[in-house]
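Summary of the model geometry
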Amino acid sequence: MNASDLRKAIEVSEFSVCYQPRFSLETGAPRAAEALVRWGERRPGVFIPEMERNGNIRAVTMFVVQTVCAHIHRIQENLGCCPRISLNISPVLFCDKDFIANLRSIIAEQGIPPSMIELEITESAVAHDFLSVVKSAKIVREDGHDLALDDFGTGFSGLRYLDMIPASIIKLDRHFVGGLGKRKTCDVIVASVAHLASETGMITVAEGVENRAQLKAVTDLGYDEVQGFLMAKPMPFLEFVAFLSKHLPQKRAATTPQLHNCALVSC
Ligand code: G
Ligand code: MN
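Model, not experiment: these values are computed from the prediction.

Okay, the overall build of the protein chain next. Along the protein chain, the regular secondary structure elements total 12 helices and nine strands. Computed over its C-alpha atoms, the radius of gyration of the protein chain comes to 18 Å, within 12% of the 18 Å expected for a compact globule of 267 residues. Counting only C-alpha atoms, the protein chain reaches 50 × 45 × 35 Å along its principal axes. Here the protein chain holds 267 residues, and 48% of them are scored as buried. Considering only contacts within the protein chain whose residues lie at least 6 apart along the sequence, 67% involve residues at least 24 apart. Approximately 12800 Å² of the protein chain is accessible, and the part contributed by carbon and sulfur atoms is 54%. Once the 28 positive and 31 negative side-chain charges of the protein chain are each reduced to a mean point, those two points are 2 Å apart.

Quick look at the structure:
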């Protein structure tokens, strides 16, 4: 797809953003939600790598950033607060200082505190361009974003990455959660990552929790948060608002007139 077809596809709303909540194991409440781009019925695992190769990922990520900012305002207006939202940033974009500057100015223009937006990068980002990743990571952390190492444990760069990148969150890849109780290696890895994170002050998220046994195992191991089909699947925006209205403490009455002048409140 060329750049002008892509622009048209974005304009006619072929793309949308779904949200998958993440829950605190301490309180059971939604702590954050991951924004996931959707393109009709197409599979993200197929079209995202393709867009990373042909460069379209930049425009689509910008669409996601703009959409998420608008959604945060709508959630805030309706519910009085909004959980933090995390964005997946492709390695090629995360390494690009123009993209990082652009991201910063959109978020500032939209009046969203950076602490409400987390950024997720996968380990393959590091294979891409280690020094640029370290630089960008420092910048976004200084700006006030949390930074998550996504799909942790599946990349190639190993522990150097943990040592050099100032990330604040580890999202353990679902592969290891899926192997809990089945393969000894997975049991040991899930436990070791919990230990490593707690010793270094990072927040741990267990991804891909699909059954009660896995939930119990990661709870017993001291994980901070969970994400997975057992708790909630990715959902379209309106469904996400309905979900939040059931699960969040309501901080203010809906549509209070002065709300627009208030600082955005994270739940
Ligand atoms: O790589 P990343 O963690 O950003 O991938 C998010 C994707 O993982 C989403 O497309 C979402 O549908 C999928 N996902 C989320 N929770 C689960 C789960 O419990 N099991 C499986 N198999 N996939 C999940
Ligand atoms: Mn992710």
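Structure shown, so let's carry the discussion forward.
Attention now moves to the site of ligand 1. In the region of ligand 1, 15 residues are neighbours, and Glu34, Arg174, Glu207, Glu210 and Phe229 sit closest. Between ligand 1 and Asp151 there is a distance of 2.9 Å, counted from an oxygen atom to a side-chain nitrogen or oxygen. Within the side chain of Glu210, one N or O atom sits 2.5 Å away from a nitrogen atom of ligand 1. If ligand 1 stood free it would expose 530 Å²; the protein chains cover 77% of that surface. Those elements giving two or more residues to the shell around ligand 1 turn out to be strand 2 (30-39) and strand 5 (147-152). Take the shell around ligand 1: its biggest share by element is three residues, from strand 2. Of the residues that constitute the shell around ligand 1, the class distribution is four nonpolar, four polar and seven charged.

Put simply, the largest pocket is a space of about 1000 Å³. Only strand 2, helix 2 (44-54), helix 3 (57-79), strand 3 (84-88), strand 4 (117-122) and strand 5 provide two or more residues apiece to the lining of the largest pocket. Across the lining of the largest pocket, the residue classes break down as 16 nonpolar, 10 polar and 10 charged.

Turning to unusual backbone geometry, a few remarks are in order. Despite not being glycine, Asp151 shows a phi value in the positive range, around 50°. With respect to the helices and strands, Asp151 occurs in strand 5.

The next point concerns the nonpolar core. Ranked by internal contacts, the top residues of the largest apolar core, which has 80 residues, are Phe15 and Leu87. Looking at this core element by element, the count peaks at 11 residues for helix 3. For Leu87, the contacting residues outside a window of four places in its chain are Ala35, Val64, Val65, Val68, Leu103, Ile117, Glu118, Leu119 and Glu120.

Scanning the entire structure with this criterion turns up 12 salt bridges. Between Glu118 and Arg22 there is a salt bridge whose closest N-O contact spans 2.8 Å. One end of the pair, Glu118, is in strand 4; the other, Arg22, is in strand 1 (residues 15-24), and 96 residues separate them in sequence. Overall, Glu118 belongs to the buried group, its relative accessible area being 0%. Residue class for Arg22 comes out buried when judged on its relative accessible area of 1%. The shortest N-O distance in the salt bridge between Asp146 and Arg141 comes to 3.7 Å. Its relative accessible area of 16% is what places Asp146 among the buried residues. Salt bridges sharing common partners tie together Arg22, Arg31, Arg84, Glu118, Arg141, Asp146 and Glu225.

Reading the values: rules and limits
- Per-chain numbering applies: the sequence of each chain, read as written, is numbered from 1 onward.
- Ligands are numbered from 1 and chains lettered from A, in the order in which they are written.
- For a predicted model such as this one, the threshold for reporting local features is a pLDDT of at least 70, and the threshold for listing and counting side-chain atom pairs is 80 or more; totals across whole chains, interfaces and linings nevertheless cover every residue.
- To obtain the side-chain values, all non-hydrogen atoms of the structure were included, while hydrogens and water were left out.
- Only runs of H or I of at least four residues qualify as helices and only runs of E of at least two qualify as strands under DSSP, and these elements are numbered from the N terminus.
- For a compact globule the rule gives 2.2 Å times the number of residues to the power 0.38, and the radius of gyration it is set against comes from C-alpha atoms.
- Throughout this description, buried means an accessible area under 20% of the type-specific maximum (1.4 Å probe, protein chains only), exposed means over 50%, and partly exposed covers the range between.
- Every residue pair with non-hydrogen atoms within 4.5 Å of one another is taken to be in contact.
- All accessibility values rest on the Shrake-Rupley procedure with a 1.4 Å probe; residue burial counts only the protein chains present in the view.
- Charge convention: Lys and Arg are scored as positive, Asp and Glu as negative, and His as well as the terminal groups of each chain are ignored.
- For this purpose, a charge sits on NZ of Lys, CZ of Arg, CG of Asp or CD of Glu.
- Being near a molecule or strand, for a residue, comes down to having at least one heavy atom within 4 Å of it.
- Here a polar contact is recorded for every N or O atom pair within 3.5 Å, except that within protein the pair must consist of a potential hydrogen donor and a potential acceptor, and residues adjacent in sequence are included only if both atoms are side-chain atoms.
- Gly counts as polar in this scheme, as do all residues outside two lists: the nonpolar Ala, Val, Leu, Ile, Met, Phe, Trp, Tyr, Cys and Pro, and the charged Asp, Glu, Lys and Arg.
- Definitions used throughout: a 1 Å grid over protein atoms alone; a cavity as a set of points that fits a 1.4 Å probe which cannot get out; a pocket as an open set with protein on both sides within 12 Å along at least five of seven lines; a lining residue as one with an atom within 4 Å of a point.
- Grid points are joined across faces, edges and corners, and a volume is the space filled by probe spheres set on the points.
- Here the nonpolar core consists of buried residues drawn from Ala, Val, Leu, Ile, Met, Phe, Trp, Tyr and Cys, with membership extended through side-chain atoms lying within 4.5 Å.
- We define a salt bridge as a side-chain nitrogen of Lys or Arg found within 4 Å of a carboxyl oxygen belonging to Asp or Glu.

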